[in-house]
Amino acid sequence: MQYSILLLFLILTALSALVFTFVFISSKKVGISGQGLSNPLQKRFWFLLILFVVLGIFASVTIPRSPYFLFADEVPARVVHVAARQFAFLLSDKAIDPENPEGKDSIEFLANELVEFRVTSLDVNHGFAIYNPSNRLIAQTQAMPGYVNRLRWKFKEPGKYTILCLEFCGMAHQVMRSSFTVK
Ligand code: CUA
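Small disclaimer: the values here were computed from a predicted structure and weren't measured.

**Student:** Got a sec to walk through the overall build of the chain? Specific residues and values, please.
**Tutor:** Scanning the chain from terminus to terminus reveals 2 helices and 9 strands. Starting at the N terminus, the α and β elements of the chain follow one another as α-α-β-β-β-β-β-β-β-β-β. Each principal axis of the C-alpha distribution contributes one length, and for the chain these read about 75 × 35 × 30 Å. The proportion of buried residues among the 183 residues of the chain is 28%. Put simply, the chain shows about 12,400 Å² of open surface, and 63% of that area lies on carbon and sulfur atoms. The chain carries 18 positive and 13 negative side-chain charges, and their two centres are separated by 15 Å.

**Student:** How would you summarise the packing of aromatic side chains if you had to cite specific residues and measurements?
**Tutor:** By the definition in use, this model includes 12 aromatic pairs. Between Phe-89 and Phe-128, the ring centres sit 5.9 Å apart and the planes meet at 75°, which makes this aromatic pair edge-to-face. With a gap of 39 residues between them, Phe-89 in strand S2 (residues 88–92) and Phe-128 in strand S5 (residues 126–131) connect regions that are remote in the sequence. The exposure class of Phe-128 is buried, given its relative accessible area of 0%. Following the ring pairs from residue to residue traces out a cluster consisting of Phe-89, Phe-109, Phe-117, Phe-128, Phe-155, Tyr-161 and Phe-180.

**Student:** Describe the pattern of salt bridges, listing the residues and the values that go with them.
**Tutor:** Inspection of the entire model under this criterion finds 8 salt bridges. Across the pair Glu-116 and Arg-118 runs a salt bridge whose closest N-O atoms are separated by 2.6 Å. In this structure Glu-116 comes out as buried when scored by relative accessible area, which is 1%. Where Glu-116 meets Arg-150, a salt bridge forms, and the shortest distance between an N and an O atom there is 3.3 Å. Of this pair, Glu-116 sits in strand S4 (residues 114–121) while Arg-150 sits in strand S7 (residues 149–154); the two residues are 34 residues apart in sequence, bridging distant segments of the chain. Here Arg-150 falls in the exposed class, since its relative accessible area comes to 55%. Shared partners join several salt bridges into a network, and the residues in it are Arg-78, Asp-93, Lys-104 and Glu-113.

**Student:** Hey, could you go over unusual backbone geometry for me, with residue numbers and the actual values?
**Tutor:** Of note, the bond from Gln-86 into Phe-87 is cis; its omega dihedral lies within 30 degrees of zero at 5°. Summarising the element assignment, Phe-87 is placed in the loop between strand S1 (78–85) and S2. At Asn-112, a position not held by glycine, the phi torsion is positive, near 70°. On the secondary structure map, Asn-112 appears in the loop between strand S3 (108–109) and S4. Take Asn-112: its relative accessible area is 46%, and that puts it in the partly exposed class. Even without being a glycine, Asn-135 presents a positive backbone phi close to 60°. Checked against the element boundaries, Asn-135 lands in the loop between S5 and strand S6 (137–143).

**Student:** Mind laying out the domain arrangement of the chain, listing which residues take part and the relevant values?
**Tutor:** Interface size is commonly expressed as the accessible surface area that is lost when the partners come together. Its domain assignment divides the chain into domain 1 (2–65) and domain 2 (74–182). Relative placement of domain 1 and domain 2: their C-alpha centres are 42 Å apart.

**Student:** Describe the nonpolar core, listing the residues and the values that go with them.
**Tutor:** Among the nonpolar cores identified, the biggest contains 23 residues, and Phe-89, Phe-109, Phe-117, Phe-128, Phe-155 and Phe-180 are the most heavily contacted of them. When contributions to this core are tallied by element, the ones reaching two or more residues are S1, S2, S4, S5, S6, strand S8 (159–164) and strand S9 (177–182). If we skip the residues at most four places from it in the chain, Phe-155 touches Phe-109, Leu-110, Ala-111, Asn-112, Glu-113, Val-115, Phe-117, Ile-130, Ile-138, Tyr-161, Phe-180 and Val-182.

Procedures and definitions
Residues numbered from 1 in each chain as written. Predicted model: local features only at pLDDT ≥ 70, side-chain atom pairs only at ≥ 80, totals over all residues. Heavy atoms only, no water. Helix = DSSP H or I, 4+ residues; strand = E, 2+ residues; numbered from the N terminus. Buried < 20%, exposed > 50% of the residue type's maximum accessible area, 1.4 Å probe, protein only. Areas by Shrake-Rupley, 256 points an atom, 1.4 Å probe, with all protein chains shown as cover. Lys, Arg positive; Asp, Glu negative; His and termini not counted. Charge placed at Lys NZ, Arg CZ, Asp CG, Glu CD. Phe/Tyr/Trp six-rings, centres within 6.5 Å; stacked < 30°, edge-to-face > 60°. Salt bridge = Lys/Arg side-chain N within 4 Å of Asp/Glu carboxyl O. Domains from an automatic or database assignment. Core = buried A, V, L, I, M, F, W, Y, C linked by side-chain atoms within 4.5 Å. Contact = heavy atoms within 4.5 Å.

So, in structure tokens, the structure goes:
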């Protein structure tokens, strides 16, 4: 599904580039003289061509490395359900019932196992940001009411990881946090 959307996006990009190129080539004005780079139209053509090639290379190298494809072809060893609400995170191994939301007091993972977080919100938009034991942000997604966002990660370093909200969500946004342990 993600790959077909990406493919569609790339095809549309190529099509719009073709349209622009066609308009650009067919709109050449007559009467501007000069050969090679002394001709402003020639200069512009080469500038745009080089620009498109550089951007194309950049996009084709970076897009496959975007976090959306991380561990896409692996089966997660653990699935953790996350429900964010003002002003706490509930984490559970089982699906969380929005009518009677309950989370576990503590969650533990093994180092290097693939964990999938299924993140949603019970009220407003929140952030779900994971910080490693040295308090560096390593992964994050949005917690949105009505949506489940999946975040996959392998925690290499054992220790206590902190979850912070990265979206201003109300008066006590800054105290909204949770944690888990990697053994
Ligand atoms: Cu939840 Cu800020």
